[in-house]
Each structure stands twice: as C-alpha cells, then as structure tokens.
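# Architecture at a glance
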Amino acid sequence: MENSHARTRFAPSPTGALHSGVVRTALFAWLLAKQSGGQFLLRIEDTDQKREVEGGTENIKESLRWLGLDWDEGPDVGGPYAPYIQSERLSIYKQYAQELVGKGLAYADPYTQEELQGLREQAQAEKRPFLFRDHRPENPPTWDGSQALRIKLEPKAWQWDDAVMGTISMGPEMVDDFIIIKADGFPTYNFCHIIDDYLMKITHVMRSQEFISSVPKFLAAHEALGLTPPINVILPQVMDETGRRKLSKRHGAKPVLEYRDQGFLPEALLNFIATIGWNDGTEQEIYTVPELIEKFSLARVQRSGGIFDEQRLVYLNGVHIRRLPLDELYERVANFWPASAAGREDAYKKQVLGLVQERLKFFAELPALTEFFFTDLPVDPQLWQDHKQLKKLAPAELKTLLEQAKTALTGSDFTVDGLTACLNNLLETTGQKPAVLFSLVRIATTQAPNSPGLADTLAVLGKDTSLQRIDAMLAAL
RNA sequence: GGCCCCUUCGUCUAGUGGUCCAGGACGUCAGGUUCUCAUCCUGAAGAUCGCGGGUUCGACUCCCGCAGGGGUCACCA
C-alpha cells in the first residue's frame, strides 16, 4: 500500500473489442484504486468520430463487467464529475481552449492538410525533423472554430519521474505545437484527457508504453494551462505470441469476451494478465483477485515487455477451475453442456461435472469430455482395433472377455466401492491385466477415446446404461 | 533517420556486489499413480545472465560503449 486513496481511471476509445493488452492497463489501475481505498473511473474517449465503431462502448462495459473490474464513477453509474463520455464534454474543452487563446498560447492553424503534408515531406527529404513551430503563421487568423487550433509551446527539454520507468528525459524536439481542437470541433486526445484527468482528480495516470514519448506534450499542456500533472505511470507492453509486436486488434488480438465464450474464468484471466509485467517477488504463481489487490505494487511492475503466452493462460485456468467448489463450478458451466444434456437432472450433471473437473481446461471442452454420459455414442471399432493392448486379441477373445465382464457387472450394486471390488475380482478370475480388461470395459461402456476412471464412470452411468452399451458392443464383435 | 524505452532458460519471471558455475512456474521429455485422458508426485533437458570494456578483493547486480528488439515522430488514441 504505497498510496492512499488513489483515484485511477481507464479511458479507452470505443474503436473495437477490448483485448488483453488494454485490459492489463485497466487491471493495474483498478488494483491500485482498490488496494488504496480509492476510486476507479471509466471514461469513454470518443473524440474520433471516424474511428468509432458501433457497439464499442457496450463491448468495453460488458468486458469490464465480466472481468469484475467495476467502476466507481463512469457511464451508467454517474459520479460527481459527470459526464464521463468525452463527446458530452465538448463545451468544457472549448472553454479551456478559449482560455489558451486568450493568453496567446493557442492559435488557429491556417494550413490545409495538403500544405502540411507537403511541409512534412520536404523536411523528410532534407533529413531533418519536421517542426510546426518553424512554420508558425505570423498573423494567424482569428479562431472561429472552423480551423484546427494549435497550442503554442516554446522549445524546452523535459525531465520527469515515472512511477515505473524512473527518471525519463527528452529533448525539445519532442514537443511541437500540437493540435488541441480539430477542425471538426472535437478536441484531440493529447489535450482533453489532461483536462479530464485534472477535473476528475485523477492521482495516477496509467498509460502503456507507446505513450511514453507523448508525455512531454502532456506536461507542456499542463504547464500552459497552469495545472499540476498527476503521477505518470508507464506500463510495459504486452506483446503477441511472436514477440515482435504489441498485442493489438489489428494483428488479431483476441477480444476478452471471446475468452468468456470459450469458458475461461475471469479470475484466471486476471491472474494471468497481472503476472505479465508484475510479480510480488515470491514464488507464488496463482493469485485470487483479493490477493492481487492486496499484493499489487507499482514498484514491482516490470519495465520490459512481456509475451502473451496463451498456454500459460490455459494452465492457470485449469488451476482456477480445480480450485472451485463443485457447486460453484456447476453454476458457472451452465451454458456449456452438450445439447444432449438438456433436461437431465441437476444431481446427475453435477456428478458428471465432479468427474471431469480436474480434466477441464476451459468450459468449451465440456461437451467433448461428457457427451457419453448423456447419449449413447455409436459403437466405434477403431477404438479397440487401434488400442495397443486390445488389438493383440482376436475379436472372439474380446467377446468372451466382455461377456464375462457383463456377467460379473450384472451382479454388482454399481456403487464405486462395489464396482471396484467387482472389477478387481474379475481381474483374478479372467487372469487379465487391467490394461486389457479395464480398457475393454471402458471402451464398451463409453465408446469414447478417454474418460474418467472406470469405476467412477460406471457408477455414474448406472447399471442399465452400462449393460446396454456392453450388449451393443458385443453385437458388433 | 531523430528521440525514447527495454535486454536472465522457448515463455512469464526471482535476483538491488559475495549465500548464483543463477532459483521458481508454464511448456517439453522420462518415470510413477490397477485402463485411457487429465490431475497429482518424482526426475531430466533447458540461460557461458545480449556483446565488449571498465570500477571492485569480488558483478547478473554499479559505470561507459556497442549491438539487437520495441515504441514514437497524425486534425488516432
């Protein structure tokens, strides 16, 4: 707990589905707010009308809700600094812009975008950096809102402390007269997010690494506006599986909600995402959400980027699934049963679930793992013809053995203990190894390439179903 | 190209001058758990700590240089 009552925010733009890279930024901000007894805000930065996508805001909210990253202030819940959607705050930005114009610190940009492009190309051809301030108009037109408005900044070297990266310094060429209000009347991110963070009393601003070279701009704007900047926190990048580029939707980063739809647990995803770029210095790998809140620390956030290794996520999801009490797991998998399970009683499904809990890596695997508990799979000769033990025996031998098994099982009470005793007894009377006998009975009763332990499976399947299936295989031998 | 950040097993990482010829986890491989798959357990392979110089009795740890990777240079965020 290094900060008390941190106010943090997550400020995405609604330009597409939320993916894990972005979620990490939200998570760290949320953790800091939670652990310090502060607030976490959601603010929608919809100032680029062209890039906005239909349903973008809804996707953000739904993703955060699924993950459990609840916001104390923001859309839907309101708060003392509403509205929390930038397109509804245009008059505020205009007011601050006007203030700068009044102070002579902002001016209308008289160039067309084509002219600007020409100047840039010329600079590039001459191998020198393009700086707008070298082309400042001597007598800029009065800003009437139809031109872009630029902030006027004097060249200056910058140095500041970042909570993760430490002391960073950059030269005067990093800050130029940037546009604060676009010709369409909307503010730019560089300008309005600073105002919002100030007005909303944000204490820690987390941004991912691609913003690091923009920080001097933000600092310069604070200075021009006479505002005190918040604590800047640059987070290392989350890289895609190639390790060559940051995770981005352009390059196929999976939307968070896809993990939900595949049956990943939000706590597992958070555990995974948190440990890309952060660890508590111990050998702990598995964290519950409360543990993350308790142990998270900015001081232990990594500076180097990390790869999103989905294999590790799958592993962690399995761990979290296994840790769940059966009743809770049962509620969570409700939407993932195979169609054939429809209408089956809860008690039965819960028994089945108990058998596959330690095999489940994510819920979308549930149908493949449990299908045979709900429906008779077609008899598949491949299963014994390809079996490394059973293929050594002739069909007639298999048939004899299976008939012996049928007789023995007919006399069993089909409790796990009774079945275990029955099967062990059968090993003796037939003189067979478990590898042969158990495999045969397992294949006969499931017609599946794999299943939970034999006695457990038979007990859940029940006597009628088990014997029927044995008959069906007997007929095929 | 300018500027900025980063650099420990394939991957996530521990390590803040000596306890490190570098520890854990995922993944991989092998063995065990009466049958399969999974779980669990045991074990193995896997990093000359990007490279080169310093400083020091001693460096993964401090300093300098280089290289590589990433980011950024928009009326996008």
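Our structure is the block above this text.
Keep in mind the model is a prediction, meaning the values are calculated, not measured.

## Remarks on the overall build of chain A
When its secondary structure is counted, chain A shows 19 helices and 11 strands. Its C-alpha radius of gyration of 32 Å places chain A more than 25% over the 23 Å reference for a compact globule of 477 residues. Taking all contacts inside chain A whose residues are at least 6 apart in sequence as the whole, residues at least 24 apart take part in 75%. Accessible area of chain A: about 22000 Å², with a carbon and sulfur share of 49%. One way to put it: in chain A the 52 positive side-chain charges average out to a point 3 Å from where the 64 negative ones average out.

## A word on the protein's contact with RNA strand B
Lys 182, Asn 279, Glu 358, Arg 359 and Pro 434 are the nearest of the 65 residues found near RNA strand B. For RNA strand B, the fraction of protein-proximal atoms (within 4 Å) that sit in sugar or phosphate groups is 72%. The side chain of Arg 120 places a nitrogen or oxygen atom 3.0 Å from a phosphate oxygen of RNA strand B. Glu 358 places a main-chain nitrogen or oxygen 2.5 Å from a sugar or linking oxygen of RNA strand B. Elements supplying a minimum of two residues to the surface near RNA strand B: helix H4 (113–125), strand E6 (166–170), strand E11 (306–307), helix H10 (310–323), helix H16 (416–430) and helix H17 (434–446). It is H17 that contributes the most residues to the surface near RNA strand B, 5 residues altogether. The residue inventory of the surface near RNA strand B, partitioned by class, reads 23 nonpolar, 21 polar and 21 charged.

## Structural notes on helix H5 (residues 189–199)
For an α-helix, 3.6 residues make a turn, and residues three or four places apart therefore share a direction. For H5, the tally of buried residues reaches 8 of 11 residues, placing the bulk of the element in the interior. Every buried residue belonging to H5 is among Asn 190, Phe 191, Cys 192, His 193, Ile 194, Ile 195, Asp 196 and Asp 197, and all of these are buried. Looking at the buried side of H5, the elements it contacts are strand E1 (7–10), helix H3 (90–102), strand E7 (179–181), strand E8 (204–208) and helix H6 (215–225). Backbone geometry just downstream of H5 places Lys 201 in the positive-phi region, at approximately 55 degrees.

## Re the pairing of E6
A regular strand places its side chains so that they alternate between the two faces of the sheet. Across 5 bridges, strand E5 (residues 158–162) lies against E6 in antiparallel orientation. Directly across from Gln 159, in E6, lies its bridge partner Ser 169. With antiparallel pairing between neighbouring strands as the criterion, E5 and E6 make up a hairpin whose turn holds 3 residues.

## Side note on the environment of Leu 64
Relative to the helices and strands, Leu 64 is located in helix H2 (residues 56–67). For Leu 64, a relative accessible area of 0% translates into the label buried. Distance in space between the C-alpha atoms of Leu 64 and Pro 266 is 9.8 Å, their sequence separation being 202 residues. The residues contacting Leu 64, other than those within four sequence positions of it, are Phe 10, Leu 18, Ala 26, Leu 42, Leu 69 and Trp 71.

## Overview of the pattern of salt bridges
Oppositely charged side chains are able to pair whenever their charged atoms sit close together. Inspection of the entire model under this criterion finds 31 salt bridges. Note that Asp 70 is salt-bridged to Lys 34, the shortest N-O span being 3.3 Å. Of the two residues, Asp 70 is situated in the loop between H2 and H3 and Lys 34 in helix H1 (residues 20–35); the sequence distance between them amounts to 36 residues. A relative accessible area of 36% places Asp 70 in the partly exposed class. On the basis of relative accessibility, which here comes to 28%, the residue Lys 34 falls in the partly exposed class. The salt bridge partner of Arg 43 is Glu 45, with a shortest N-O separation of 2.7 Å. Across this residue pair, the class does not change: Arg 43 and Glu 45 are buried.

## Considering helix H12 (residues 346–356)
By the burial criterion, the buried members of H12 are Tyr 348, Lys 349, Val 352, Leu 353, Leu 355 and Val 356. All buried residues of H12 project into a common sector of 160 degrees when viewed along the axis, lining one side. Close packing links the buried residues of H12 with helix H11 (326–332), helix H13 (366–374) and helix H18 (454–461).

## Remarks on the packing of aromatic side chains
Under the criterion given, the structure shown has 16 aromatic pairs. Both rings, one in Tyr 189 and one in Phe 211, keep their centres 5.3 Å apart while their planes meet at 40 degrees; by these two values the pair is tilted. A residue pair is termed long-range when its members are at least 10 positions apart, and Tyr 189 in helix H5 and Phe 211 in the loop between E8 and H6 qualify at 22 residues. In this structure Tyr 189 comes out as partly exposed when scored by relative accessible area, which is 24%.

## Some words on the packing of helix H15 (residues 395–410) against H17
At a closest axis distance of 10 Å, the pairing of H15 and H17 adopts a crossing angle of 80 degrees. By the angle class used here, H15 and H17 are roughly perpendicular. Seen from H15, the contacting residues are Leu 398, Leu 401, Leu 402, Ala 405 and Leu 409; seen from H17, they are Val 436, Leu 437, Leu 440, Val 441 and Ala 444. Of the residues assigned to the contact of H15 with H17, the class counts are 10 nonpolar, no polar and no charged.

## Section: unusual backbone geometry
Note that the residue after Ala 82, namely Pro 83, is joined by a cis bond; omega there is 0 degrees. Positionally, Pro 83 belongs in the loop between H2 and H3. A positive phi angle, close to 60 degrees, is found at Phe 414, a residue other than glycine. Turning to its location among the elements, Phe 414 is positioned in the loop between H15 and H16.

Rules of the game
- Residues numbered from 1 in each chain as written.
- Chains lettered and ligands numbered in written order.
- Predicted model: local features only at pLDDT ≥ 70, side-chain atom pairs only at ≥ 80, totals over all residues.
- Heavy atoms only, no water.
- Helix = DSSP H or I, 4+ residues; strand = E, 2+ residues; numbered from the N terminus.
- Rg over C-alpha atoms; globule rule 2.2 N^0.38 Å.
- Contact = heavy atoms within 4.5 Å.
- Areas by Shrake-Rupley, 256 points an atom, 1.4 Å probe, with all protein chains shown as cover.
- Lys, Arg positive; Asp, Glu negative; His and termini not counted.
- Charge placed at Lys NZ, Arg CZ, Asp CG, Glu CD.
- Near = heavy atom within 4 Å.
- Polar contact = N/O pair within 3.5 Å; in protein donor to acceptor, adjacent residues only side chain to side chain.
- Nonpolar A, V, L, I, M, F, W, Y, C, P; charged D, E, K, R; others polar.
- Buried < 20%, exposed > 50% of the residue type's maximum accessible area, 1.4 Å probe, protein only.
- Pairing = 2+ DSSP bridges.
- Salt bridge = Lys/Arg side-chain N within 4 Å of Asp/Glu carboxyl O.
- Arc of directions from axis to C-beta.
- Phe/Tyr/Trp six-rings, centres within 6.5 Å; stacked < 30°, edge-to-face > 60°.
- Axes fitted to C-alpha atoms, helices over the stretch in contact; angles between N-to-C directions.
- Parallel < 35°, antiparallel > 145°, perpendicular 65-115°, else oblique.

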